[in-house]
Structures are given as C-alpha cells and as structure tokens.
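Fold and geometry: a report
Letter by letter, the chains look like this.
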There are 2 protein chains.
Amino acid sequence: MISKKMVDYVKGSSLIRAMFEEGKRLASIYGAENVYDFSLGNPNLEPPSTVKEAIVDILNNEPNTMVHGYMSNSGYEDVRETIANSINKKFNTSFTEKNIVMTVGAAGGLNVTFKTLLNPEDEVVVFAPYFGEYRSYAANYDGKLVVVSPNTIDFQPNLDEFKSKITDKTKAVIINSPNNPTGVVYSEETIIKLTNILKEKQKELGTDIYLISDEPYRELVYDNIQVPYLTKYYDNTIVGYSYSKSLSLPGERIGYLVIPNEVSDFENVVSAANVATRILGYVNAPSLFQRVIARCLDDKVNIDFYNKNRELLYSELTSYGYNCIKPEGAFYLFVKSPIENDIEFCNMAKKYNILIVPGTSFACPGYIRIAYCVAYSTIENALPGFKSLIESIK
Amino acid sequence: MISKKMVDYVKGSSLIRAMFEEGKRLASIYGAENVYDFSLGNPNLEPPSTVKEAIVDILNNEPNTMVHGYMSNSGYEDVRETIANSINKKFNTSFTEKNIVMTVGAAGGLNVTFKTLLNPEDEVVVFAPYFGEYRSYAANYDGKLVVVSPNTIDFQPNLDEFKSKITDKTKAVIINSPNNPTGVVYSEETIIKLTNILKEKQKELGTDIYLISDEPYRELVYDNIQVPYLTKYYDNTIVGYSYSKSLSLPGERIGYLVIPNEVSDFENVVSAANVATRILGYVNAPSLFQRVIARCLDDKVNIDFYNKNRELLYSELTSYGYNCIKPEGAFYLFVKSPIENDIEFCNMAKKYNILIVPGTSFACPGYIRIAYCVAYSTIENALPGFKSLIESIK
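A brief report on the enclosed structure follows. Keep in mind the model is a prediction, meaning the values are calculated, not measured.

Moving on, we come to the nonpolar core. Counting residues in each nonpolar core, the largest one holds 78 residues, and the members touching the most others are Phe114 and Ile259 of chain A together with Phe114 and Ile259 of chain B. Beyond its immediate sequence surroundings of up to four residues, Ile259 of chain B is in contact with Asn99, Val101, Ile238, Phe266, Val269, Val270 and Ala273 of chain B. Membership of the second largest hydrophobic core comes to 66 residues, among which are Leu59, Phe289 and Ile293 of chain A together with Ile55 of chain B.

Let us now look at the relation of the copies chain A and chain B. Superposing chain A onto chain B requires a rotation of 180 degrees together with a translation of 0.0 Å along the rotation axis, leaving an RMSD of 0.0 Å. Overall, the copies show the geometry of a two-fold rotation axis. Interface overlap between copies is the fraction of interface residues in one copy that are interface residues in the other; for chain A against chain B it reaches 100%, indicating a shared surface.

Next up on the list: the pattern of salt bridges. Taken as a whole, this structure holds 36 salt bridges over all chains when the rule is applied. For the salt bridge of Asp142 of chain B with Lys5 of chain B, the shortest nitrogen-to-oxygen distance reads 3.2 Å. Here the residue Asp142 of chain B occupies a position in the loop between α6 (133-139) and β4 (144-148), and Lys5 of chain B occupies one in helix α1 (residues 4-30), the gap between them amounting to 137 residues. Among the residues examined, Lys5 of chain B registers a relative accessible area of 42% and is labelled partly exposed. Across the pair Glu22 of chain B and Arg25 of chain B runs a salt bridge, and its minimum N-O distance is 3.2 Å. A residue pair is termed a helical-turn pair when its members lie 3 or 4 positions apart in one helix, as Glu22 of chain B and Arg25 of chain B do in helix α1 at three residues. Relative accessible area serves as the criterion here: at 19%, Glu22 of chain B is assigned to the buried category. Here Arg25 of chain B falls in the partly exposed class, since its relative accessible area comes to 43%. Residues joined in a network through salt bridges with shared partners are Asp57, Glu62, Asp78, Arg291 and Arg295 of chain A.

This next bit is on the interface of chain A and chain B. Taken residue by residue, the interface counts 74 residues in chain A and 74 residues in chain B. Buried area between chain A and chain B, both sides added, is near 5900 Å², and the carbon and sulfur share of it is 54%. If you sort the residues of chain A by the area they bury against chain B, Met1, His68 and Tyr70 of chain A come out on top, with a joint share of 12%. On the surface where chain A and chain B come into contact, there are two salt bridges. A salt bridge links Arg278 of chain A to Glu133 of chain B; the shortest N-O distance between them is 3.0 Å. In this assembly, chain A and chain B are joined by 44 residue pairs in polar contact (both at pLDDT 80 or more). Every element with two or more residues in the side of chain A that touches chain B is listed here: α1 (4-30), α2 (49-61), α3 (64-67), α5 (105-117), α6 (133-139), α9 (266-279) and α10 (287-295) of chain A. The dominant element in the side of chain A that touches chain B, judged by the number of residues it contributes, is α1 of chain A, at nine residues. Here the residues of the side of chain A that touches chain B are counted per class, giving 33 nonpolar, 24 polar and 17 charged.

Conventions we followed
- Residues numbered from 1 in each chain as written.
- Chains lettered and ligands numbered in written order.
- Predicted model: local features only at pLDDT ≥ 70, side-chain atom pairs only at ≥ 80, totals over all residues.
- Heavy atoms only, no water.
- Core = buried A, V, L, I, M, F, W, Y, C linked by side-chain atoms within 4.5 Å.
- Buried < 20%, exposed > 50% of the residue type's maximum accessible area, 1.4 Å probe, protein only.
- Contact = heavy atoms within 4.5 Å.
- Least-squares fit on C-alpha atoms with pLDDT ≥ 70 in both.
- Salt bridge = Lys/Arg side-chain N within 4 Å of Asp/Glu carboxyl O.
- Helix = DSSP H or I, 4+ residues; strand = E, 2+ residues; numbered from the N terminus.
- Buried area = accessible area lost by both parts, 1.4 Å probe.
- Polar contact = N/O pair within 3.5 Å; in protein donor to acceptor, adjacent residues only side chain to side chain.
- Nonpolar A, V, L, I, M, F, W, Y, C, P; charged D, E, K, R; others polar.

This is the structure in structure tokens:
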C-alpha cells in the first residue's frame, strides 16, 4: 500500500494523465499535426549549437573519469566559480564559488532550499497565480503554502494582502518573475516595495524571512525589459536558476542556487544545502551538463522564436475578443476565460483539438494558460479554432 | 536559520568535510600522488568507449529537442522498454516499460521508493553493515531504520535476528548485494531463507512488506559468481539499479526502479513513483543519459581492473596479518580493525597518508572499509604504509 500522503497525489495525477491520454486519443483520430498542444512548457526549440560543441569538446579533451565522476555535492568548484563570475559581470555582484550550489534543475533547487529551511508548519508565502508544484515542494517538508490572491489588473503581486499574511511562522516567500503562468515581469518598483515590507516585518517580528527567487525564465524577456536581480534589494534572498528554458535543456535537469554571504545563518544554510543535495538522493547535479553549461553561460536560445509566437498569438487572440495582458517574459499567455468556468472552457477547447490548462491549476480560476513554446505553424493552424471557440460562446 | 532536522546533518557533514580537508592538507604537504585515498567509491576507471560513441551518435542523429526535452516523469517509453527487454533476456523475467521508472541514480530511486511507500513511523529493516545514507533516505519521509546486527563470520545477513525484528510496522526491508561495505554477495540460499521469512511474516501479520533490492554493484562480481534476481523469489520486490558503477557514470545520476506487476497495490505504486519523481524535484532522470544507457545495456567497465586491485590488496594485507574475508563483488575490502577502536585506527592510518573509513559509519564498529576503485599504483604505493601500520600495533 502506498503512503497516505501519496494517495491524493495519485488521484490528481490520474487527472493529468487523463488529459495527456485525451491528447493522444485526439492525435490518433486527427493526426498529431492537427492537435494543438499548448499545455506544456516543453520548448519546441533546439539548444544553441554551442551546447553540442561543448559536449563533444569536453568528451574529447577533459578526463572522462572526472567528467562523469562524483565531485562535491555542491558541484564542481571550477564550474561554480565560472557561474559566480558570470553573475558578477552581469549584475555587478560579488559572489564566489562558495555562494553557488549546482542543482537538479530549478525544481531540485527549490526542494533543496525547503529541506534546508523548513520546520513542520512553517509558512511559505506565494503570489497567485503560481506554479502549482510549489505546494508539493513545501509539503514534502511539512511546510504550508500561504496564498496571496491574484491582482488580475496587471498581475503584479498584491502587496497589501501580502503584508497582512506575513506572520511569525513565515519562513519564506517565493517570487517567480518572469512569471509562469502570466508572463509578467515584476517591476523594480514592485521589488522595492515588496522587499521593504519584508525588511519591516523581519524587524517587527524578530524573525528571518527568506525570499526565494525562482528564475527559470530570467533570460526569456521581450522588448529589452529588465528583470531586477533580487539579492541587490534584500539580504535574505536565495536565487534558484535553471538552464531548462535559457538553453532549452529541460530534460537534463541542470540549474543552481545562489546563496549570498548576506543570508542569515549563511554558513549553515550553505552546508545544509550541500547535505540536502546528497540526502534527497540527487547527490549532485548531472556532471557532464555542469561542465557544459559552464562553457555556454553567455549563450541562450533565440528569443525571436518565442517573440514571433507571442506577437502572433497575442494580436490574433485579442482581435477575436479574448482578453489578456501582453506577456513581457516567459512563453505563456494568461487569458481571461470567456466563460466563468475555466475548466469547462478548456474542455470546450478540446473540441477544436486545442489543449490548454485551466487557471485553477495556478490558483487563479477564470483564466486559462496557453504555452506558446510550440512551432509557429502550430499557432497558425490553431488560430481558426480559437476564433470559432470564442464565437461559439458569444 | 536552518531547519531543526538539518542541524545534526550539518554537524555530521563537517566531520566528513574535516576528513576531506585533511586529505587536501596531506596532499599539499606530500603531493597528491603520495596520499592514498581509499575513502570514496568514486571509480578511477573510464566508462566503456561505447558511452562516448553513443553520446555523439545521439547528438548527430536524434532530434535535439527530444534528446534534451521533457518526457514522462518515469522516463522515455522506448528507453524503458529496451531496459525491460534486456532484464528479461538476462533473468528470464517478463517486464514491460510499465515496470520501469527511470531515476536520478540509485539514491534517487530509493528516495522515490520511500516517498511512495512510507508513512511516518513506518519501519525499514536494514542489515548491518549498511550504507549509512539509508538512514537519511528513510528519515526524509519520517521512516525509522531498524538495524539487524552484523554477522561478522561471513557477513551474510543475520536471519534469526531479522525474523525477530519484523513487526506490524515493518513496511520495507533493504538488501544491498553485492554489498557496500563488505563486498559480500548474498547467496541464493540466503535469499530463499530471507524471502521465506518475509512471506511467513506477511501472512502472519496481514501486512505488505516490500523488499527493496539496492543493486548498484550487480555487475561488479568476481569469479563468475551469480547474484540472484530478487523479483523471482518474492513478489513484493522493488529493484533499484544504477549505472554509476557498471558504466562508471556516478556523476551522471542515472538508474532505474523495477516495479513488477506482482507487487502489492501495483498500479498505485507505479503512479506514486511517477508522481514522487516529479514532486521531489527530480522531474525526470537526465534525458541524454537515459538515451545513452539504452544503447549501452550490454556494456560494462572492465572488471579485470577491479579484480587485479582486489587480488593484490587482499593477498598483501592478509599476508601482513590483516583479517578480512575476500570480497566477491563491489570494490570494497572490509577489514577487521587491528585495534578495537576503528575510528582511532583510521586516524593512525593518516600518519601513513592512508585515508580509509571506519566501520562505525556502516553500523559495524571494529572494522574499516578500503575502497579499491583506485589506480593499481595507488595500492602498490600504499602497501608499505599498511604494513608499517599493523607492525606499529603488534
């Protein structure tokens, strides 16, 4: 018998599987090219060619026992140093390899962070809409998610409600900007206000509140918008980064944490993150890809690919009468559901072979998420369906 | 402040780090080539050349978005099918891709298994000496390790004590054969007796007891000894495998679980393992290396390399008066400490620039572990030190 905690997860996962099976069923009837799957954040975009070049060069020129071997649980020292230097150059910070812990993607990094920080019943504040997995990650360590309700005007965080929800049990706050599912980038104004609230609350409550910046979409921004680097605004910041999107390597599970010297209890946090990496069974981030990304720090996927998709999808959908803000980053469009029930709307979309995700999955009912990390032609071919769909409602 | 649970881990890890730092200190004084590090199971042996060939061929001939992309949390279906077929051929089983979950190494697989199965206070039985990380893996899910004391005659499990330690709280039993740290392979006779005890106890208690076979060393056996395949002896068996040793890829974190149809609550166990892979933040086993190992299933490192080390170390140490059984598998020699206090003995060894691990770390005080996955010359050069060390005690 499986554990009691897993029973509900398994029920939930059969819903996801049902959606996946439905996609497969539609594909078998209409052909895969006639099913428009906007449900997953799986980039349909090759990594930059430098990734392959780096792999081959490493295999030819670095000792294989080292390349595929164990290293410190935190990762290769030289890789961590290279990453620290790269961050310093970009954001005028002063990190060293001691501030970097290599992780099994951003998801691994968040689990390591929560394992490091959370006592049972500790509270983790998130801003809706938020990536639903945060709830599981916190629950893994008996932490509790406290949700700040969405500000559906511009999807910047609702800071008044945020302030009221911080208690002496608040151990961490997660920010995800550029945001999944809205594509919104939190402005510097937002960051300053938000971190000022945290500073006040730390003082008032006499506690440490860690700000966790989950940044897998940092490089995916449009129109030259700037994404503030949070360690510069608030001492108790831990950054979780991933190469899943910036280098189109989601399956390789490679990312890192930045734990600045200024973080409360720094030495212990770094040591605990190292140990957590080991005992959670990651042991270390995959070794070859640690070495690969160290050679590709200045590369990223061609953002024009996503931008073209964004422009087409946004301009067409709004012209059909859909209501949404224009995303500034990531590869999601977060659209107001033309009917109140977002789950029902996603079911209606299936009739047009369109697969999308209800906002309810992100604690924001009444909206739907369209992941546009797909081929341009998929969008082109799906547009008539999107048009018919909204017309069928009017 | 870090979580209360992590405080002790961090203390423990600073002991390990102290040992590591001591190694570095010795290397800086005497030169790295004059420090004999037998403390880690990090193979000093290249992967078979087919690994590199597979990587290059995959990068050249498979679609890059697929190779580096997300797939089912359980892993690529074709990879899992290939693995199932390979196991079936070797062990006359009848697994399909449904029975295989790709994991982030064996450590990832054990964490997924415990997350899937354990309720708080559930007991997991282990046989001393055992790999110390099992304790952390079980504790991650609030499980409790119940230790069967070592049988120091031949290091086969102590079955009488085992029988007496199974209660209605026993959820799982871990077997690790070939064994770290002893190198012993559990005989078929042992397996039959052990699984018979489990069958009786399941019946008597009306519970499910899962037998977890942790098998990272399965391929590393000497003198053509056979390692029984446990699913054939006991229905409720879950196998955890890793390519860390068989292909010398410990840093790549690639392995799998076998969950047979016959396992109690099969559908839920498989679904929960899939979900656990996701929510523990692994998301999936590293994608490129899933595809690589599927092409290298019949390859393994040159076992002669380890066998030469085994023969030299065993024959020389016993000729100096050290007392140990000859390992049948893995790459460890588990030696009776010439003085009662194994920790003190390991400290004495440092005077000869020899780094070894006390048996206390494996719940078997009075012994020491020597990892011989090192260069042959390291053993040759360390032998005079081992000799002087035991002579200094007599």
